[in-house]
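Chains, contacts and geometry: an overview
This is what each chain is made of:
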Amino acid sequence: MVQKLTPRSVDDSTWYTDVVQAAELADYSPVRGCMVIRPYGYAIWESMQQYLDQRFKAGGHQPAYFPLFIPQSFIQKEAEHIEGFAPQLAVVTHGGGEKLEEPLIVRPTSETIINAMYAKWIRSYRDLPILYYQWCNVVRWEMRTRLFLRTTEFLWHEGHTAHATADEAMKEVMAILDIYRELAQNEMAMPVIPGRKSDSEKFAGADATWTIEAMMGNKWALQAGTSHFLGQHFAKVFNIQFLDESNQLQMVWQTSWAVTTRLVGALVMVHGDDQGLRLPPRMAPIQVVLVPIWKTEEERCQVMAVAERVRAELGQHVRLKVDDRDDLSPGFKFNDWEMRGVPLRIELGPKDVQNNQAVLARRDMPARQNKCFVSLDALLSEVRKLLDDIQRNLYAQALRFRDENTFHPGNLEELTDAVGKGFARAYWCGSAECENRMKETTRATIRCVPMDQEKEPGHCVICGQAASEKAIFARSF
RNA sequence: CGGGGUGUAGCGCAGUUGGUAGCGCACAGCGUUUGGGACGCUGGGGUCGGAGGUUCGAGUCCUCUCACCCCGACCA
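Sequence order as written defines residue numbering, which begins from 1 separately in each chain. Starting at A for chains and at 1 for ligands, labels are handed out in the order in which the entities are written. Local features in this predicted model are restricted to residues whose pLDDT is 70 or higher, and side-chain atom pairs enter the listing and the counts only when it is 80 or higher, whereas totals over whole chains, interfaces and linings include all residues. Excluding hydrogens and water, the side-chain figures rest on all heavy atoms present in the structure.

Side note on the pairing of strand β7 (residues 130–139)
Burial classification: accessible surface area is computed with a 1.4 Å probe over protein chains only, and a residue below 20% of its type maximum counts as buried, one above 50% as exposed, and the rest as partly exposed. Counting from the N terminus, the helices are the DSSP runs of H or I reaching at least four residues and the strands are the DSSP runs of E reaching at least two. The element β7 is largely enclosed, with a buried count of 7 among its 10 residues. At least two bridges found by DSSP between two strands is the condition for calling them paired. Judged from the 2 bridges that link them, strand β3 (residues 62–63) and β7 form a sheet pairing that is parallel. Residue pairing across strands places P63 opposite Y133, the latter belonging to β7. Here 10 bridges tie β7 to strand β8 (residues 153–163), and the two strands are oriented antiparallel to one another. Bridging across to β8, V138 finds its partner in F154.

Some remarks on the sheet that holds strand β14 (residues 253–260)
Spatial strand order, β3-β7-β8-β14-β11-β10-β9-β22-β25-β21-β20: 11 strands in an open sheet with mixed pairing. Each end of this open sheet is capped by a strand with a single partner; those strands are β3 and β20 (406–407). The contact criterion used is simple: two residues touch if any of their non-hydrogen atoms lie within 4.5 Å. Axis definition: a line fitted to C-alpha atoms, over the contacting stretch in the case of helices. Angles run 0 to 180 degrees between N-to-C directions. Packed on one face of the sheet, helix α2 (residues 39–58) meets β3, β7, β8 and β14 and runs near 165° to β7. In this fold helix α14 (residues 432–442) packs onto β21 (423–428), β22 (445–450) and β25 (469–474), with an angle of close to 135° to the strand it touches most, β22.

Digging into helix α6 (residues 166–187)
Expected helix span is taken as 1.5 Å per residue step, with the number of steps being one fewer than the number of residues. In a regular helix each residue adds 1.5 Å, so 22 residues correspond to 32 Å; α6 covers 31 Å between its end C-alpha atoms and thus fits that length. Where α6 is concerned, the buried positions are A169, E172, V173, I176, L177, I179, Y180, E182, L183, A184, Q185 and E187. Looking one or two residues past α6, A189 carries a phi angle of roughly 55°, positive in sign.

Quick word on the domain arrangement of chain A
The split into domains, and so the bounds of each, comes from an automatic or database assignment of domains. If you check the domain split of chain A, you get domain 1 (12–271), domain 2 (288–396) and domain 3 (407–474). Taking only C-alpha atoms, the centre of domain 2 and the centre of domain 3 are 48 Å apart.

Comments concerning the pattern of salt bridges
We define a salt bridge as a side-chain nitrogen of Lys or Arg found within 4 Å of a carboxyl oxygen belonging to Asp or Glu. Evaluated as defined, the whole model comprises 32 salt bridges. The closest approach of N and O atoms between E469 and K455, which form a salt bridge, is 2.8 Å. Of this pair, E469 sits in strand β25 while K455 sits in the loop between β22 and β23 (458–459), and the two are 14 residues apart along the sequence. Within this structure, E24, R38, D323, R325, K333, D336 and R340 form a network of salt bridges that share partners.

Brief notes about helix α9 (residues 297–314)
Over its 18 residues, α9 extends 25 Å from the first C-alpha to the last, a length consistent with the 26 Å expected when each residue adds 1.5 Å. When α9 is considered as a whole, its buried residues turn out to be V303, M304, V306, A307, V310 and L314. Considered in projection along α9, the buried side chains sweep an arc of 165° and stay on one side of the axis. On the buried face of α9, the contacting elements are β15 (288–292), β16 (320–322), β17 (344–348), α11 (350–355) and α12 (379–404). Comment: arc refers to directions from the helix axis out to C-beta atoms.

Regarding the pairing of β15
Burial of β15 is extensive: 5 of the 5 residues sit out of reach of the surface. A two-sided burial pattern is seen for β15, the buried positions comprising V288, L290 and P292 on one face and V289 and V291 on the other. Judged from the 3 bridges that link them, β15 and β16 form a sheet pairing that is parallel. Looking at β16, one finds that V288 is bridged to L320. Handedness of a crossover is defined as follows: orient the strands so they point away from the viewer, and if the path from the first strand over the helix to the second runs clockwise, the crossover is right-handed. For the segment spanning β15, α9 and β16, crossover handedness is right-handed.

Some words on the sheet that holds β17
Read from one edge of the open sheet, 5 strands run β16-β15-β17-β18-β19, paired in mixed fashion. Strand pairing shows two members of the sheet lacking a second neighbour, β16 and β19 (372–375), which therefore form its edges. Direction aside, the axes of adjacent strands within the sheet are offset by 30° on average. Most of the contacts of α9 go to β16, to which it runs at about 165°, and overall it touches β15, β16 and β17. Against the sheet, helix α10 (residues 330–339) touches β15, β16 and β17, its axis set at about 170° to β15.

Section: the state of the cysteines
Put plainly, a disulfide is one covalent bond tying together the sulfur atoms of two cysteines. Two cysteine sulfurs form a disulfide in these notes if their separation is within 2.5 Å. The final tally for this structure, using the stated rule, is 0 disulfides. In this structure C136 is a free cysteine whose sulfur lies 15 Å from that of C34, the closest cysteine sulfur available. C136 gets classed as buried once you look at its relative accessible area, which sits at 9%. Cysteine C460 shares no disulfide, and the gap to the nearest cysteine sulfur, in C463, comes to 3.7 Å. According to the relative accessible area criterion, C460 is buried, its value standing at 2%.

Overview of the nonpolar core
Nine residue types can take part in a nonpolar core, namely buried Ala, Val, Leu, Ile, Met, Phe, Trp, Tyr and Cys, and a core is a set of them joined through side-chain atoms within 4.5 Å. Ranked by size, the top nonpolar core spans 62 residues in total, and within it Y16, L25, M48, M188, M190 and M216 carry the most contacts. Residue contributions to this core peak at 8 residues, all from α6. Here this core gathers at least three residues from each of two domains, domain 1 (12–271) and domain 2 (288–396). Excluding its chain neighbours within four sequence positions, the residues that come into contact with Y16 are R146, L147, F148, L149, G265, V268 and M269.

Thoughts on the packing of aromatic side chains
In this analysis, rings of Phe, Tyr and Trp, with Trp reduced to its six-membered ring, are considered paired at centre separations within 6.5 Å, and the interplanar angle assigns stacked below 30 degrees, edge-to-face beyond 60, and tilted for intermediate values. Counted according to the given criterion, the structure contains 12 aromatic pairs. Taking 6.2 Å as the distance between ring centres and 45° as the angle between the ring planes, the aromatic pair formed by F66 and W121 counts as tilted. Taken together, the residues F66 in the loop between β3 and β4 (69–71) and W121 in helix α5 (residues 111–121) connect sequence positions 55 residues apart. On the basis of relative accessibility, which here comes to 5%, the residue F66 falls in the buried class. The class of W121 is partly exposed, set by a relative accessible area of 37%. Measuring from ring centre to ring centre gives 6.2 Å for F229 and W253, while their planes differ by 15°; the resulting arrangement is stacked. You can see F229 sitting in strand β11 (residues 221–231) and its partner W253 sitting in strand β14, a full 24 residues away along the chain.

Here it is, written out as structure tokens:
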């Protein structure tokens with residue numbers, strides 16, 4: 001159940017797989033590259049789903065479901081799309097014991113099949129905008145996989161919208177990116193940099209891709225969510241046309257966007273420490289765990305009576321678990337729940353019951369030094385306050401870590417040095433030549449051109465030519 | 001597909017010059033324990049990744065094969 005974790009400082013990659021398995025978030029499956037998401041890991045994903053689902057619906061989006069299988073010919077319609085995805089496709093060639101007339105692609109993303117349907121449904125400007133999304137699995141045949149961060153099959157939502165104007169579609173792209181940013185920062189306590197992808201990094205078939213990029217605990221970047229402006233690429237190949245107010249035939253403008261179960265891995269990577277997970281309260285399946293302590297049967301009765309009362313009262317307001325397993329020592333449970341990242345622990349023993357108090361220990365600080373007593377009467381308000389505080393503190397810690405590991409190089413040599421240590425924020429002239437040259441010399445990539453920056457003229461960190469924008473350079477997952 | 005590594009109990013491992021498989025953890029039962037990873041006793045659990053070969057005899061030697069992990073190329 002509880003095992004020793006490889007310390008992060010020894011091997012961050014082994015630490016990660018240790019934590020994911022020890023905390024029972026996920027396990028390797030019999031199928032190479034695939035994973036089993038266990039209830040605790042799935043509960044974290046559900047926290048993300050619930051937040052996003054409510055945000056999407058509030059913005060007028062509607063969930064729907066499109067099929068897993070896509071006719072091969074659909075995928076092949078958009079040149080850039082097929083070029084991008086061809087190496088990653090899983091193809092079904094047989095069904096019912098017979099070879100299929102046309103092979104079926106297991107969806108790597110659903111632009112093609114959804115847009116084939118949109119072409120059927122859209123006739124008039126009155127049909128627009130269409131704001132659909134679906135929660136589903138997708139399959140991409142990856143070379144190398146890591147639990148949550150990159151698996152052959154993964155879960156996500158994908159939004160697919162169609163609009164009458166480019167302007168409206170762009171607003172949609174930005175609105176969704178903002179929801180992703182808020183999910184990351186406010187719910188996951190994970191600072192992110194919203195920005196635009198370079199052409200080489202953008203979605204295959206998009207005009208432009210916007211992203212939120214986060215720094216993981218090993219100082220690498222992780223693309224945490226993307227929102228694409230598809231322009232009219234798919235409208236053209238699937239012939240999605242409508243009549244506007246003046247009876248003119250027009251092509252729709254489209255967006256697509258997604259975040260995936262990778263975010264569960266991001267949560268682990270960003271906040272975890274040598275003791276295991278540290279979950280931000282807003283995402284934690286269990287926000288507070290109560291560990292009762294007793295010696296004698298009489299003490300057990302007294303303590304459990306109070307524990308039950310706490311469960312009845314506090315349990316209405318926070319996600320609380322009372323760990324009443326009687327075959328494990330309190331010390332074991334402390335370590336166990338810390339490893340599983342529960343933000344706040346209540347210790348309740350005979351002495352506490354006597355004094356009408358409990359001990360609170362927070363996961364975001366070294367526990368032994370930071371325990372505090374709290375009156376049972378003030379438990380709810382204190383727990384609420386601490387959970388808020390933990391949420392804020394985890395964000396602050398992650399932000400400080402990112403800032404401390406972000407550098408501002410002025411030339412290629414400094415850039416090479418910087419991307420070996422963390423993020424580099426530097427001018428880029430925007431040319432693919434410079435991007436390629438940098439990739440070859442540094443093993444890093446351009447993660448994004450941040451939206452939030454002053455447009456002051458400078459000099460490209462690679463070629464020295466005039467440049468007007470800074471980009472984030474980093475090694476990435 | 002290249003480089004590295006590992007396959008022996010659920011997990012982690014040991015197994016000598018070939019001689020018929022063991023340790024720790026976990027698991028089950030009982031008892032004592034419980035304020036930072038408790039302890040004792042008893043017990044269950046194995047086609048040694050697979051195939052072939054050498055041998056009186058293979059976890060061990062030889063050949064082939066498969067799987068998985070880590071590092072790269074590809075990617076959310």
